[in-house]
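Topology and contacts: notes
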Amino acid sequence: MPPFNLTSLTPATFILSGIPGMEKAHIWISIPFCSMYLAALLGNGVVLFVIRTERSLHQPMYLFLSMLAIADLMLSTTTLPKMLAVFWFRAGEISFGACLTQMFFLHSSFSAESMILLAMAFDRFVAICYPLRYVTVLTRSVVVKTGLVALLRSFCIIFPCIFLLKRLPFCGHHVIPRTYCEHVGIARLACADISINILYGLAVPFAAIVVDVVLIAVSYVFILLALFRLPSRTARHKAFSTCGSHVCVILLFYIPAFFTVLMHRFGRQVPQHIHILLANMYVLFPPLLNPIVYGVRTQQIKEKVVKVFICPKSHLLQE
């Protein structure tokens, strides 16, 4: 009996349906989505420009912040343009290769951002608990190597998903009831056992994220213990303010992600369109709100934004 050719069952294209049940509202939904995407591009672009042009911000904390901005831009740009094309033009068709590429960069940027947040927690830990060693521990070489490790870890975790999907036969419908391609969503269209995909897609990336969260939590336990030992209230307030921005960003990143995972696992009675709207939270909110949080709560960023964008204009008006 000749072997069954699975490659013949690899689809040429998939169809992204958007938000099932809300097709008539796609145009209205696209307005806030597009606004948030443009705001995310502007905010993260400003953060990158200010850090790049101001030499005084070439410190580990701000270099990690620039990495976070790049990850945010990749996270949103991987999904939002195609999502808006689905909403505006009903252009839901996407090739199999393009769908796998979108899936890869989506999950990779999420994994990389998680490790960058861990690196930022370590930065605050050293700055507060071992301030005299800060310069020798967090050198520019260490910061660059940390960024490379974040990229390498993301690649090693997510790249196997491509092979796990390419081995599957797709002999049924090719409609993905979502606004973007993600691993388990693609696997559910296959006409074969996908238990390996579900196990790997949930266990391995989830375990890596949980390790990051645990290490971040441990870092902040030591940070809080060190803060309460500070004799000066002014010093405690300053240290709390430098950590406050990072804590807000952590909550904005992990809460939507974990909430989405829990909804998929336990919210079987929740309508599908609610699932999809919530799944869009972690590709929209962190890129939108991270630069706002750091811009509002970090005095150095506010001062440099004013210096770069406001002062030159006022100088020209005086001339």
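Residues numbered from 1 in each chain as written. Predicted model: local features only at pLDDT ≥ 70, side-chain atom pairs only at ≥ 80, totals over all residues. Heavy atoms only, no water.

**Focus on the overall build of the protein**
The condition is simple: Each helix corresponds to a stretch of at least 4 residues labelled H or I by DSSP, and each strand to a stretch of at least 2 residues labelled E; elements are numbered beginning at the N terminus. Buried, partly exposed and exposed residues are distinguished by accessible area as a fraction of the type maximum, computed with a 1.4 Å probe on protein chains only: under 20%, between the cut-offs, and over 50%, respectively. The contact rule is simple, with two residues in contact once any of their heavy atoms fall within 4.5 Å. Here, Shrake-Rupley sampling with a 1.4 Å probe gives the accessible areas, and only protein chains in the shown set may cover a residue.
Across its full length, the protein carries eleven helices and three strands. Ordered by position in the sequence, the α and β elements of the protein form the string β-α-α-β-α-α-α-β-α-α-α-α-α-α. Across its three principal directions, the C-alpha atoms of the protein cover 75 × 50 × 35 Å. Buried residues in the protein amount to 46% of all 319 residues. A separation threshold of at least 6 residues defines the contact pool for the protein, and within that pool the share at least 24 residues apart is 80%. Total accessible area on the protein is roughly 16,700 Å²; 72% of this is exposed by carbon and sulfur atoms.

**Quick look at a nonpolar patch on the surface**
To keep it simple, the criterion reads: Exposure above 30% relative accessible area and the lack of any salt bridge qualify a residue for a patch; like charges then connect within 9 Å, and the nonpolar side chains Val, Leu, Ile, Met, Phe, Trp and Tyr within 5 Å. What makes a salt bridge here is a side-chain nitrogen of Lys or Arg within 4 Å of a carboxyl oxygen of Asp or Glu, nothing more.
A cluster of nonpolar side chains, contributed by Phe206, Val210, Val214, Val218, Val221, Phe222, Leu225 and Val261, occupies part of the molecular surface with about 620 Å² of accessible area. In terms of residue count, the dominant contributor to the nonpolar patch is helix 7 (residues 195–228) (seven residues). Here Val210 lies in helix 7. According to the relative accessible area criterion, Val210 is partly exposed, its value standing at 31%.

**Regarding the state of the cysteines**
The line we're drawing: Two cysteine sulfurs form what is called a disulfide whenever their separation falls within 2.5 Å.
Applying the stated criterion to the full structure yields two disulfides. Here Cys171 connects covalently by a disulfide to Cys191, the sulfurs 1.8 Å from one another. With Cys171 in the loop between helix 5 (140–166) and strand 3 (175–176) and Cys191 in the loop between helix 6 (183–187) and helix 7, this residue pair connects regions lying 20 residues apart in the sequence. Its relative accessible area of 48% is what places Cys171 among the partly exposed residues. Judged by its relative accessible area of 36%, Cys191 is partly exposed. Each bonded cysteine of the protein is numbered by sequence order, and under that numbering the disulfide pairs are 1-3, 2-4. A disulfide-free cysteine, Cys129 has its sulfur positioned 8.9 Å from the sulfur of Cys243, the nearest such atom. A relative accessible area of 22% means that Cys129 is categorised as partly exposed.

**Topic: the packing of aromatic side chains**
As a reminder, the rule being used: Any two rings among Phe, Tyr and Trp, with Trp reduced to its six-membered ring, count as a pair given centres within 6.5 Å; such a pair is stacked if its planes are under 30 degrees apart, edge-to-face if over 60, and tilted if neither.
Under the counting rule described, the total for this entry stands at 17 aromatic pairs. Measuring from ring centre to ring centre gives 6.0 Å for Phe104 and Phe155, while their planes differ by 80°; the resulting arrangement is edge-to-face. Of this pair, Phe104 sits in helix 3 (residues 96–129) while Phe155 is found in helix 5, placing the two residues 51 residues apart along the sequence. Look at Phe155 and you get partly exposed, because its relative accessible area is 39%. Taken together, the aromatic side chains of Phe104, Phe105, Phe155, Phe159 and Phe163 make up a single cluster linked through ring pairs.

**Concerning the pairing of strand 1 (residues 13–16)**
Rules: Two strands make a pair as long as DSSP finds a minimum of two bridges between them.
Side chains Phe14 and Leu16 project from strand 1 onto a buried face, and the interleaved Thr13 and Ile15 project onto a face without burial. Bridge count between strand 1 and strand 2 (residues 93–95): three bridges; the pairing is antiparallel. Within strand 2, the residue paired with Ile15 across the bridge is Glu93. Sheet analysis places strand 1 next to strand 3, joined by two bridges and oriented parallel.

**Digging into the packing of helix 2 (residues 60–89) against helix 10 (residues 281–297)**
Counted only if it meets this: Convention adopted: a line fitted to C-alpha atoms gives each axis, helices being fitted over their contacting stretch, and angles between N-to-C directions are expressed from 0 to 180 degrees. When an angle is under 35 degrees it counts as roughly parallel; over 145 it counts as roughly antiparallel; between 65 and 115 it counts as roughly perpendicular; any other value is oblique. Each crossing gets its handedness from the near helix: less than a right angle anticlockwise from the far helix is left-handed, clockwise is right-handed. Under this grouping Gly is polar, as are all residues other than the nonpolar Ala, Val, Leu, Ile, Met, Phe, Trp, Tyr, Cys and Pro and the charged Asp, Glu, Lys and Arg.
Contact geometry for helix 2 and helix 10: axes closest at 9 Å, N-to-C directions at 150°. In terms of axis orientation, helix 2 runs roughly antiparallel to helix 10. In this structure, the crossing between helix 2 and helix 10 has a hand that is left-handed. Note on element contacts: helix 10 touches helix 2 through Tyr282, Val283, Leu284, Pro286, Pro287, Asn290 and Tyr294, opposite Met61, Leu65, Leu68, Asp72, Leu75, Ser76, Thr79 and Leu80. The class makeup of the residues in the contact of helix 2 with helix 10 is eleven nonpolar, three polar and one charged.

**Considering the sheet that holds strand 3**
Spatially, three strands are ordered 2-1-3 in an open sheet, and the strand pairing comes out mixed. Of all strands in the sheet, those bounded by a partner on one side alone are strand 2 and strand 3. Sitting on the sheet, helix 3 touches strand 1, strand 2 and strand 3, and the angle it makes with strand 2 is about 85°.

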